[in-house]
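A closer look at the structure
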Amino acid sequence: MPAPRLRRLGLVLLLVLVWLALPAQAADREANGGGPSPEPAAAKPLPAADADADSKLAQLARPGVARPTEPPNPSEQQPVVIDPAAVPPPPRSSSYEITPVPDRWRLIEAIGVHDNPLNPYQQSTIKGDRPVVGDWFVIFSAISDTVAEPRSVPVPIGLQTTNRPGSNSQFGKPRQFFANENLILSLSVLKGDTAFKPPDLELRFTPVVNRSYVGVEERRLLFADPRRGISRNDGFIGVQELSLDYHLRNVSDRYDFDAARLGIQPFSSDFRGFLFQDEQLGMRLFGNRGNNRYQYNLAFFRRIEKDTNSGLNDLGQDLRKDSVLIGNVYAQDLPIPGFTSQATIAYNRNRESEFSYDKNGFLVRPSSLGLERPHDYDVVYLGLNGDGHFGRVNLTNSFYYALGQDQHHPFTDAKADIRAFFLAAEPSIDFNWIRLRGSALYASGDSKPFDNKETGFDAILENPQFAGADTSYWIRQGIPLIGGGGVALSGRNGVLPSLRSSKDEGQSNFVNPGLILLGAGADFDVLPELRLSVNANHLQFATTEVLQVLRQQDKISRTIGWDLSAAATYRPFQTQNVILRLSGAVLFPGQGLKDLYDNASGDKYYYSVLANLILTY
């Protein structure tokens, strides 16, 4: 072959070899990041361990190179380090849009729950679920409390009061009927982030509109003037709350605080309302400590006159000359976890040494007891109370000791020392849907009515939630003391036989027979919305010497009798918005009541039926 042709063939073969070598070089460039294959010495020096690992990974990545058969040494494995800078940023557009809202309380509107003031079960601005403006909230509520109450009560009659001319009985017909309607409106205006701490400021206003009817069978029971008949229709509007609550300061990062409240406000001196439970005009300093383990109250009240027939505050009259100063401290988990102990000291200063009559014409201050002379008194109450449980046993207990001075004893007209005491306890135990309860109460009586010491216990204004409360006949009904003047043996919604003219408008009286109560009861939660309760209480006077003096009667037994009651409470929606309560009570008189009320008609028992409907918005 000629030499030129051989040279051309050799050049072609050389070009073919160069072209075949190009793919391997490209693969090497791709393995090295697309650029020329750098020499290891030219790269940034790595630690020895990292260099070895990189060399092994390079060998594994090269095609055609045999992989090692031995497993890698665990000590040579290094953790994978993720560089945050290498994480790609999120996309600019998301699958959802963020819509700003005025405040966190309206986040729920994003799922379709909107303000509905007509439905109390949904979010509502007027129920305090959302602020009206800024961090100002409004809470409005309305309660309709309707009562229908047929009853029978022993009543006195006289020649000028009988509705049956020619009758010579000292006792009248006992049947009565009572109906009452209270419309309770409440408005609160609050400032502050109330979800996490107490409000900074709260204004509260609670008026009550009352309408009542009473029908009896004898004259002069409802009015001092017998010409006014045997029935009464009455209406009244009272103010039960009108107060300003100001948050003074937080004293810990758990929102322990000090606060002050000024105005007409509710207050209870203990767990069950044995000493003082009312809505009165006053000033109150209160707060807590120790992550809310300790609470305290320091309150001063100047009592407002009550409307005679409704029992509501009557702002149209002058304030009473009756002052109450109360201080108490609550300690949770004392003496054991689950039990709260409370210590109370209360001072009652009364300067009502003038005659006062109620709107029906009856004398209320002083009471028609003994010499019927106006009197002043000063009383200090020392109390220890508790509420909680010891294991499975629940317990509520109360103790008060009263000491002070009465300027005019009702029988001797001399100064008298007041020394009286009170004990009450209610243990209970739960068995699944059944709670069994026991009740025990002792209020000291005055066994020496003509000495200069008054030893019958009386409260400032009681409203006891105890031994069946208002389902009990003895607690619910006021029983007049026949022959003892214008006083009641026991007051309505009270347990003490204190011989007052009126629980709401009268003065405390420490010359009384006292009381011993022993009882048992049970609550049955037969359905989530239905509870049945039964109570049986045996009652007797602690002493009867005072009654013997008032009745000028030689012997009066201490036995009052048996008080049996039952109640059904039905909540159709399993909430407190609709409550229907029906109760009945019967008092079987013991020898003591028979000695006092041995009427010619021969009533063997007295009854009370209570139908109560409560609607709450």
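Keep in mind that what you see is a predicted model, and the values were worked out from it rather than measured.

1. Concerning the overall build of the chain
Helix and strand counts for the chain stand at 5 helices and 23 strands. Looking at the chain as a whole, 41% of its 617 residues qualify as buried. For the chain, restricting intrachain contacts to residue pairs at least 6 apart in sequence, the fraction spanning at least 24 positions comes to 61%. About 32,600 Å² of surface is accessible on the chain, with carbon and sulfur atoms providing 60% of the total.

2. A few points about the packing of aromatic side chains
Taken as a whole, this structure holds 15 aromatic pairs when the rule is applied. Between phenylalanine 339 and phenylalanine 390, the ring centres sit 4.8 Å apart and the planes meet at 40 degrees, which makes this aromatic pair tilted. Taken together, the residues phenylalanine 339 in strand β9 (residues 339–350) and phenylalanine 390 in strand β12 (residues 377–390) connect sequence positions 51 residues apart. In this structure phenylalanine 339 comes out as buried when scored by relative accessible area, which is 5%. On the basis of relative accessibility, which here comes to 34%, the residue phenylalanine 390 falls in the partly exposed class. By the ring-pair criterion, three or more aromatic residues cluster together here, those being Phe274, Tyr381, Phe422, Phe457 and Phe466. The ring of phenylalanine 286 carries arginine 284 above its face, with NZ or CZ at 4.3 Å from the centroid. Lying across the ring of phenylalanine 178, arginine 492 places its NZ or CZ 5.0 Å from the centre.

3. Points about a nonpolar patch on the surface
On the surface, Tyr246, Leu248, Leu262, Met283, Leu285, Leu298, Phe300 and Leu325 cluster together into a nonpolar patch covering about 740 Å² of accessible area. Among the secondary structure elements, those contributing two or more residues to the nonpolar patch are β4 (231–250), β6 (277–289) and β7 (294–302). Among the secondary structure elements, tyrosine 246 is positioned in strand β4.

4. As for the confidence of the model for the chain
In this model, the chain carries a mean pLDDT of 85, and residues with pLDDT of at least 70 account for 79%. Within the model, pLDDT remains below 50 along residues 26–51, and this stretch shows 9 contacts once partners closer than five positions in the same chain are excluded.

5. So, the environment of aspartate 129
The residue aspartate 129 is located in the loop between α2 (48–61) and β1 (136–152) in this model. A relative accessible area of 26% places aspartate 129 in the partly exposed class. Between the alpha carbons of aspartate 129 and arginine 106 there is a distance of 9.1 Å; along the sequence they are 23 residues apart. Sequence-distant contacts of aspartate 129, defined by excluding residues within four places in its chain, comprise Trp105, Gln122, Gln123 and Ser124. A polar atom in the side chain of aspartate 129 sits 3.0 Å from the backbone nitrogen of serine 124.

6. Some thoughts on unusual backbone geometry
Omega for the bond connecting leucine 334 with proline 335 falls within 30 degrees of zero, at 10 degrees, which places this linkage in the cis form. Looking at the secondary structure, you find proline 335 in the loop between β8 (322–331) and β9. Look at the link from arginine 365 to proline 366: it is a cis peptide, with omega at -5 degrees. Looking at where proline 366 falls in the secondary structure, it is placed in the loop between β11 (363–365) and β12. For asparagine 292, which is not glycine, the phi dihedral falls at a positive 70 degrees. Asparagine 292 sits in the partly exposed class, given a relative accessible area of 35%. The phi dihedral of aspartate 413 falls on the positive side, at around 65 degrees, and the residue is not glycine.

7. Focus on the pattern of salt bridges
For the coordinates displayed, the defined rule picks out 27 salt bridges. Of the charged contacts in the structure, one is a salt bridge between aspartate 322 and arginine 303, with a shortest N-O distance of 2.7 Å. Taken together, the residues span a long stretch of sequence, with aspartate 322 in strand β8 and arginine 303 in the loop between β7 and β8 at a distance of 19 residues. Between arginine 437 and aspartate 523 there is a salt bridge, with the nearest N and O atoms lying 3.2 Å from each other. With arginine 437 in strand β15 (residues 434–443) and aspartate 523 in strand β19 (residues 515–527), this residue pair connects regions lying 86 residues apart in the sequence. Grouping residues by exposure puts arginine 437 and aspartate 523 together as buried.

8. Brief notes about the pairing of strand β21 (residues 559–570)
Bridge analysis of strand β20 (residues 530–540) against β21 gives 11 bridges, and the strand direction is antiparallel. Note on β21: the bridge partner recorded for leucine 532 is alanine 568. Alignment of β21 against strand β22 (residues 578–589), held across 10 bridges, turns out to be antiparallel. Counterpart to aspartate 563 in the pairing with β22 is leucine 587.

9. Remarks on the side chain of glutamate 352
For glutamate 352, the location among the structural elements is in the loop between β9 and β10 (356–357). A distance of 3.4 Å separates polar atoms of two side chains, one belonging to glutamate 352 and the other to arginine 365. Aside from chain neighbours lying at most four places away, what touches glutamate 352 is Arg320, Lys321, Asp322, Arg365, His375, Asp376 and Gln507.

10. As for the environment of aspartate 234
Mapping aspartate 234 onto the fold places it in strand β4. Judged by relative accessible area, which is 13%, aspartate 234 ranks as buried. Considered as a pair, aspartate 234 and arginine 211 are 23 residues apart in the sequence and their alpha carbons are 5.9 Å apart. Apart from residues no more than four positions distant in its own chain, aspartate 234 is found in contact with Asn210, Arg211, Ser212, Asp307, Asn309 and Lys359. A polar side-chain atom of aspartate 234 sits 3.4 Å from a polar atom in the side chain of lysine 359.

11. Side note on the nonpolar core
Ranked by size, the top nonpolar core spans 56 residues in total, and within it Tyr381, Phe422, Leu441, Phe457, Trp474, Leu481 and Leu489 carry the most contacts. Of all the elements, strand β14 (residues 416–431) adds the most residues to this core, at 4 residues. In this view, phenylalanine 457 contacts Tyr381, Tyr400, Ala402, Ala420, Phe421, Phe422, Ala443, Ser444, Leu496, Phe510 and Asn512; residues no more than four positions away in its chain are not counted. Phe178, Val214, Leu222 and Phe223 belong to the second-largest nonpolar core, a separate cluster that totals 5 residues.

What counts, and where the lines are drawn
- Residues numbered from 1 in each chain as written.
- Predicted model: local features only at pLDDT ≥ 70, side-chain atom pairs only at ≥ 80, totals over all residues.
- Heavy atoms only, no water.
- Helix = DSSP H or I, 4+ residues; strand = E, 2+ residues; numbered from the N terminus.
- Buried < 20%, exposed > 50% of the residue type's maximum accessible area, 1.4 Å probe, protein only.
- Contact = heavy atoms within 4.5 Å.
- Areas by Shrake-Rupley, 256 points an atom, 1.4 Å probe, with all protein chains shown as cover.
- Phe/Tyr/Trp six-rings, centres within 6.5 Å; stacked < 30°, edge-to-face > 60°.
- Lys NZ or Arg CZ within 6 Å of the ring centre and 35° of its normal.
- Patch = residues over 30% accessible without salt bridge, like charges linked within 9 Å, V, L, I, M, F, W, Y side chains within 5 Å.
- Salt bridge = Lys/Arg side-chain N within 4 Å of Asp/Glu carboxyl O.
- pLDDT = per-residue confidence, 0-100.
- Polar contact = N/O pair within 3.5 Å; in protein donor to acceptor, adjacent residues only side chain to side chain.
- Pairing = 2+ DSSP bridges.
- Core = buried A, V, L, I, M, F, W, Y, C linked by side-chain atoms within 4.5 Å.

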